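# Coordinate analysis (summary)
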Amino acid sequence: MAYDKFNILKSSAVPLPIENVDTDQIIPARFLKATERKGFGDNLFRDWRYNSDDTPKEHFVLNNPIYSGKILVGGKNFGSGSSREHAAWAVYDYGFRCVVSSFFADIFRNNCLNIGVLPVQVSPEFLDKIFKAIESNPETELEINLPEQTITILESGESESFAINDYKKENMLNGFDDIDYLLNIKNNIEEFAQNTPL
């Protein structure tokens, strides 16, 4: 499934300064019955966003109108717990294209990269600067530059680099998942097969 190409993203951000956010908090298990990637955004952080009668919890950040954007900034150890890929689907379907944290669970990180959500891991010190900048001004914009692998707080100009696997980076830039990548090099694969003796 092809997704939006990711190059340079400039956006305000939604702060979630909570550590150890696990995948059951991101998308509760009772919402995992669907097999398509659509509709999960409605239930992103469901138990934190809504009361038992489905009314919004006014103090949860996603229900606070002063915060918006395509970037979610989370606390340390974001995406821990079970390996459910639905957690990444929920993040994408809600509208986030980037998640920033000082540490990601490996499986969640890979699930994000597979569907077009860029996980940007920064130092604890830089993460703290981001949270403080958003707290001071909720309209603070971040720039995520994938080609240069940098994240910048535009208001202050402070910047930090981040790491990403070269293969995943290329796929993100082209909007490819793993199958799209193989289809893109189909001719090369066929040529190799024809020229390689059994």
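Here goes a summary of the coordinates provided. (Residues numbered from 1 in each chain as written. Predicted model: local features only at pLDDT ≥ 70, side-chain atom pairs only at ≥ 80, totals over all residues. Heavy atoms only, no water.)

### Quick notes on the side chain of Ser123
- Turning to its location among the elements, Ser123 is positioned in the loop between strand S4 (118-121) and helix H5 (124-136).
- Not counting chain neighbours up to four residues away, the residues in contact with Ser123 comprise Ser102 and Glu160. (Helix = DSSP H or I, 4+ residues; strand = E, 2+ residues; numbered from the N terminus. Contact = heavy atoms within 4.5 Å.)

### What about helix H6 (residues 166-174)?
- Restricting attention to buried positions, one finds in H6 the residues Lys168, Lys169, Asn171 and Met172. Looking straight down H6, one finds its buried side chains confined to an arc of 165 degrees; they lie on one side.
- Two or three places before Tyr167, at the start of H6, stands the capping residue Asn165, its side-chain oxygen 2.8 Å from that residue's backbone nitrogen.
- Directly beyond the C-terminal end of H6, a positive phi value near 70 degrees is found at Gly175. (Buried < 20%, exposed > 50% of the residue type's maximum accessible area, 1.4 Å probe, protein only. Arc of directions from axis to C-beta. Polar contact = N/O pair within 3.5 Å; in protein donor to acceptor, adjacent residues only side chain to side chain.)

### Regarding the environment of Leu173
- Structurally, Leu173 can be placed in helix H6.
- The partly exposed category is assigned to Leu173, whose relative accessible area is 22%.
- Sequence-wise, Leu173 and Leu146 are 27 residues apart; in three dimensions their C-alpha atoms are separated by 7.7 Å.
- In this structure, Leu173 is in contact with Lys5, Phe6, Asn7, Leu146 and Pro147, ignoring residues within four places of it in sequence.

### Some details on the pattern of salt bridges
- In total, this model carries six salt bridges according to the counting rule given.
- Measuring nitrogen to oxygen at the nearest pair gives 3.7 Å for the salt bridge that ties Asp4 to Arg97. Of this pair, Asp4 sits in the segment before strand S1 (8-16) while Arg97 sits in the loop between helix H3 (86-94) and strand S3 (98-101), and the two are 93 residues apart along the sequence.
- On the accessibility criterion, Asp4 (46% relative accessible area) is partly exposed.
- Judged by its relative accessible area of 17%, Arg97 falls in the buried class.
- Here Lys132 and Asp128 are joined by a salt bridge, their closest N and O atoms 3.1 Å apart. Taken together, the residues span about one helical turn, with Lys132 and Asp128 both in helix H5 at a distance of four residues. (Salt bridge = Lys/Arg side-chain N within 4 Å of Asp/Glu carboxyl O.)

Nothing here speaks to function; it is all geometry.
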